[in-house]
Amino acid sequence: MTAFDRRDVGLLLLRLGTGGVLAAHGAQKLLGWFGGHGIEGTGQFMESVGYTPGRASARAAGLAEAGGGTLLALGLATPAAGAAAAGAMAGAAAVHAPNGFFNQEGGYEYAATLGLAATGLAVTGPGRLSLDHALGHVLDRGWMVPAALGATAAVTAMVVGARNRRLKKPEQEEAAAGFDAQESLSGE
């Protein structure tokens, strides 16, 4: 069947919208386009929120967003593209989580929405209006979905976990110093 149906058009629109936003987001980090800060500025920000080393973290996030977003928009290597973008958005959501859910309060709403859309596209596939379809789905096999999402989830958990441990360490040291000071004041 060569006629496209509503599902194909809907997936195309979702891919173009989600992929385009992600690609632009990544270009801000990598190239400083669209009001972004490029690798240097983004690297400094990444360091400030616990992702170290900052420049490497900026490159990784920028490539996952720009590369994953571009591939999603094209409908090429959709499982890997969606997984990469979702991983980057999980890392962003971790930064915003202390502010609650809603974006207007600095929460993780926006990152979660982009991440869920990218994951949904990885799972459902790109539809017939895609490069994956044109190429016979050589980069969009069924087994690639759990492999890409599983590998990304594991790496993301390690990166976010390491960040969280780094952020807790100064808090623990401060608490220990406060305890030691209190102990010396009490003469124990």
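Figured I'd write up the structure that's included with this text. (Residues numbered from 1 in each chain as written. Predicted model: local features only at pLDDT ≥ 70, side-chain atom pairs only at ≥ 80, totals over all residues. Heavy atoms only, no water.)

1. What about the pattern of salt bridges?
Logical step 1: Evaluation of the coordinates by the stated rule reveals four salt bridges.
Logical step 2: Among the ionic pairs, Asp8 bridges to Arg128, the shortest N-O distance being 2.6 Å. One end of the pair, Asp8, is in helix α1 (residues 6–31); the other, Arg128, is in the loop between α5 (109–124) and α6 (131–134), with 120 residues separating them in the sequence.
Logical step 3: Linked through salt bridges whose partners overlap, the residues forming this network are Asp5, Asp8 and Arg128. (Salt bridge = Lys/Arg side-chain N within 4 Å of Asp/Glu carboxyl O. Helix = DSSP H or I, 4+ residues; strand = E, 2+ residues; numbered from the N terminus.)

2. Let's talk about the packing of aromatic side chains
How two aromatic rings sit relative to each other is set out by the distance from centre to centre and by the angle between their planes.
Logical step 1: For the coordinates displayed, the defined rule picks out three aromatic pairs.
Logical step 2: On the numbers, 5.1 Å between centres and 80° between planes, the contact of Phe101 with Phe102 is edge-to-face.
Logical step 3: Residue classification places Phe102 among the exposed positions, given a relative accessible area of 51%.
Logical step 4: With centroids separated by 5.2 Å and ring planes inclined at 80°, the aromatic side chains of Phe101 and Tyr108 adopt a geometry described as edge-to-face.
Logical step 5: Members of the aromatic cluster, each reached through a chain of ring pairs, are Phe101, Phe102 and Tyr108. (Phe/Tyr/Trp six-rings, centres within 6.5 Å; stacked < 30°, edge-to-face > 60°. Buried < 20%, exposed > 50% of the residue type's maximum accessible area, 1.4 Å probe, protein only.)

3. Description of the environment of Leu121
Logical step 1: Within the secondary structure, Leu121 is located in helix α5.
Logical step 2: Sequence separation between Leu121 and Gly82 is 39 residues, and the spatial gap between their C-alpha atoms is 6.3 Å.
Logical step 3: Setting aside residues no more than four positions away along its own chain, Leu121 makes contact with Leu11, Leu14, Arg15, Thr18, Leu72 and Thr78. (Contact = heavy atoms within 4.5 Å.)

4. Description of α5
Think of an α-helix as 3.6 residues a turn; residues three or four steps apart then line up on the same face.
Logical step 1: The end-to-end C-alpha separation of α5 is 22 Å, in line with the 22 Å expected for 16 residues at 1.5 Å each.
Logical step 2: Taken residue by residue, α5 has Ala111, Ala112, Leu114, Gly115, Ala117, Ala118, Leu121 and Ala122 as its buried positions.
Logical step 3: Downstream of α5 by a residue or two, Gly125 has a phi angle that is positive, lying close to 95°. (Expected span 1.5 Å × (residues − 1).)

5. Structural notes on the packing of α1 against α5
Logical step 1: Packing of α1 against α5 leaves a shortest axis separation of 10 Å and a crossing angle of 135°. As summarised for this structure, α1 and α5 are arranged oblique, according to the angle between their axes. The way α1 lies across α5 gives a crossing that is left-handed. Where α1 approaches α5, its residues Arg7, Leu11, Leu14, Arg15, Thr18, Val21, Leu22 and His25 are matched on the opposing element by Tyr110, Leu114, Ala117, Ala118, Leu121 and Thr124. (Axes fitted to C-alpha atoms, helices over the stretch in contact; angles between N-to-C directions. Parallel < 35°, antiparallel > 145°, perpendicular 65-115°, else oblique. Left-handed = near helix turned anticlockwise from the far one by under 90°.)

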